[in-house]
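Fold and geometry: a report
The chain contents come next:
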Amino acid sequence: MHDNGYTKLPPKDRIERYEKAYQQASLWYGKLQIAYQLTMPTRAEFTIKYKTPGTPLYNHVYNSTPVRALSHYASNLSSLLCPKGSNWAKLTPSRRTEELAKEGKIDLHEARAQLAKVEDQMFEAIDKSNFHQATHQAMMEMAISTGVMLIQAGPSIEEPVRYTAVPLHEICCEPGPDGTIQNVYRYYKMQARLIQQQWPEAQLPNSVMDALEDDPTKEIELIEGTMFHPELPEEHQWCYFVMDKAAAEDIYVDYRDFSPWVVARTGVLPGETFGHGPVLQSLSDIKLLNKMSQDLIRYNSYQAGPMWGDSTGSSINFYTANLEPGAVIPVAAGPNGQSTLFQIPVTGNVTWNAQQIQALEESIQEALQVNPLQAEDPKGDRTAYEIQQKQMEWQRQNQALEARSEKEWLWPILDKTYRIMAKWGYWKSYKLDQSMVKVEFQSPLRQMRGKTEISNLMQSVQQLAEVVGPELAQQMLVYNYQVDKLGQFIAMNNNVDPELIRSDLEKSKITQMATQVAQQPPQTAPVQPTQGAPINAGQTPAG
């Protein structure tokens, strides 16, 4: 147990903090249970805890559009922010590092090479791990409310990092400053025999040891969490702990310099810890779609298996009559001598119902941004300009989502992965110093914005040529634009490898060399005598 002599709160006090956080989280459970039942039934355990294995999970779902749209949303967002097989963040020297290089204190070329090596090693480890599977699960929950990922050291140096998408129904949080999430608590159960395997350095309390002797498969109630202690040294401010809730005893305690939790939300209201994702924002449409789909299924059932009336002289027995497709209902005999057995008609405006269902499906798909960057064009009659305009509109609508995702999702994942790999000895520096290292996220979304920037530049140049003519436009281009920086601008917005782009210092040296060459006086080459010409003045070839 790595308490480092900093144990501040006894287990009972931590349980009290957890209980208070749980009371706040439980205020969300009613709404979240409904949303999860209709979009992600496999994790709908907010008010129904610990379902029996094999329990039917989709009984409440009458239209699968929200379920499929949610999965598509997570896949799209994952591919836009952190696509598999690509370095979705670039590590380059910061401006301060470049200034130190100008002073001769740092070799800029060596710094770039080291950062490129760190970047490649880090993303190689990410792609080999379960990161992308965990990201998909967490982003599905982020689309509803809040996505949670636990990042821990892996089992070996070949598998240095392990990512776990934690279900939201197991989580409660305490807020930090500026609307952030600071302390995180997780309640779940684990078989006693697995605890030592999960935390090899754990000191098992008597409660767990007794369970191992009596029944190793007995499930132990655990609270796993992290609490921030600002009064401690920076390298020990985060207390990560695992404890037996029922016995109020610690199993594992470790004081660290970072929290292993990543908690991300697409949108959040002031004073709240859980987020409001597009699913919660469209929950009324999802509920209405599910209800109307249920009614349509019921109507079609009556059409396929109509109800029948039997006029045997008896009246309706409300205790035995079942209003369901194919039912035979006793009714009183009619005055016109109608047949003994007759069909009971069921009427309804099925066309209107189907139209409303289609409209709701389209609304939900739009809210969950299915196919966000590729304009649906089955006929192929849209121009490249029209598709580009749709993509630009999607960018404008999701700028806040991108910024929040980078701040709450991408950067914490990158930072914690770097720290864990540093402990495995991959590199000497223990954390990413943002004063020395510039982190640039290179998602397809940002690349698309870069292409938009280039397109805007080209349009402005073309419009200038149309107004004043090509010749005058060239002069005005040199006068109004920093032409020497246009090449770098286009290269960076096209995601060209920074190693291929000269730094300002390198360009300055080339400019100085060119200036020196230009200032040198021209050298005249000696005149070589031509064949048959006299060797000396006044002397003929004959002598």
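All of the points below concern the structure found in this document. (Residues numbered from 1 in each chain as written. Predicted model: local features only at pLDDT ≥ 70, side-chain atom pairs only at ≥ 80, totals over all residues. Heavy atoms only, no water.)

To continue, consider the sheet that holds strand 7 (residues 238-244). An order of 4-5-6-7-8 is seen for the five strands of this open sheet, with the pairing classed as antiparallel. Pairing within the sheet leaves two strands with one partner each, and these edge strands are strand 4 (171-175) and strand 8 (249-256). Mean inter-strand twist for the sheet, computed between neighbouring axes without regard to direction, equals 15 degrees. In the sheet, strand 5 (residues 181-191) pairs with strand 6 (residues 219-228) via eight bridges, with the strands oriented antiparallel. For Met190, the partnering residue across the bridge sits in strand 6 and is Ile220. Packed onto the sheet, helix 8 (residues 206-214) meets strand 6, strand 7 and strand 8 and runs at close to 125 degrees relative to strand 8. (Pairing = 2+ DSSP bridges. Helix = DSSP H or I, 4+ residues; strand = E, 2+ residues; numbered from the N terminus. Axes fitted to C-alpha atoms, helices over the stretch in contact; angles between N-to-C directions. Contact = heavy atoms within 4.5 Å.)

Let us now look at helix 2 (residues 29-39). Across the 11 residues of helix 2, eight count as buried, placing the element largely inside the fold. Within helix 2, burial applies to Tyr29, Leu32, Gln33, Ala35, Tyr36, Gln37, Leu38 and Thr39. Buried-residue contacts for helix 2 involve helix 1 (11-26), helix 3 (65-81), helix 6 (131-144), strand 4, helix 9 (278-281) and helix 10 (283-304). (Buried < 20%, exposed > 50% of the residue type's maximum accessible area, 1.4 Å probe, protein only.)

So, on to the pairing of strand 3 (residues 159-165). Note: strand 2 (residues 147-156) against strand 3, six bridges, orientation antiparallel. The partner of Leu150 across the bridge, within strand 3, is Thr164.

Attention now goes to the pairing of strand 7. Among the seven residues in strand 7, seven count as buried, and that is most of the element. Burial of strand 7 is two-sided: the residues Trp238, Tyr240, Val242 and Asp244 facing one way and the residues Cys239, Phe241 and Met243 facing the other way are all buried. Here seven bridges tie strand 6 to strand 7, and the two strands are oriented antiparallel to one another. In the sheet register, Glu224 faces strand 7, and the bridge partner there is Val242. The sheet contact formed by strand 7 and strand 8 spans seven bridges and is antiparallel.

This part takes up the sheet that holds strand 9 (residues 261-264). Read across the open sheet, the three strands follow the order 3-2-9; overall the sheet is antiparallel. Two strands bound the open sheet, and with one partner strand each, they are strand 3 and strand 9. For this sheet the average axis-to-axis angle between neighbouring strands, irrespective of direction, equals 25 degrees. In this sheet, strand 9 lies alongside strand 2 in antiparallel orientation, the contact comprising four bridges.

The subject of this paragraph is the packing of aromatic side chains. Enumeration over the complete set of coordinates arrives at 15 aromatic pairs. Taking 6.1 Å as the distance between ring centres and 20 degrees as the angle between the ring planes, the aromatic pair formed by Trp88 and Phe131 counts as stacked. Of this pair, Trp88 sits in the loop between helix 3 and strand 1 (89-93) while Phe131 sits in helix 6, placing them 43 residues apart in sequence. A relative accessible area of 0% means that Trp88 is categorised as buried. Over the ring of Phe241 we find Arg14, and its NZ or CZ is 4.7 Å from the ring centre. (Phe/Tyr/Trp six-rings, centres within 6.5 Å; stacked < 30°, edge-to-face > 60°. Lys NZ or Arg CZ within 6 Å of the ring centre and 35° of its normal.)

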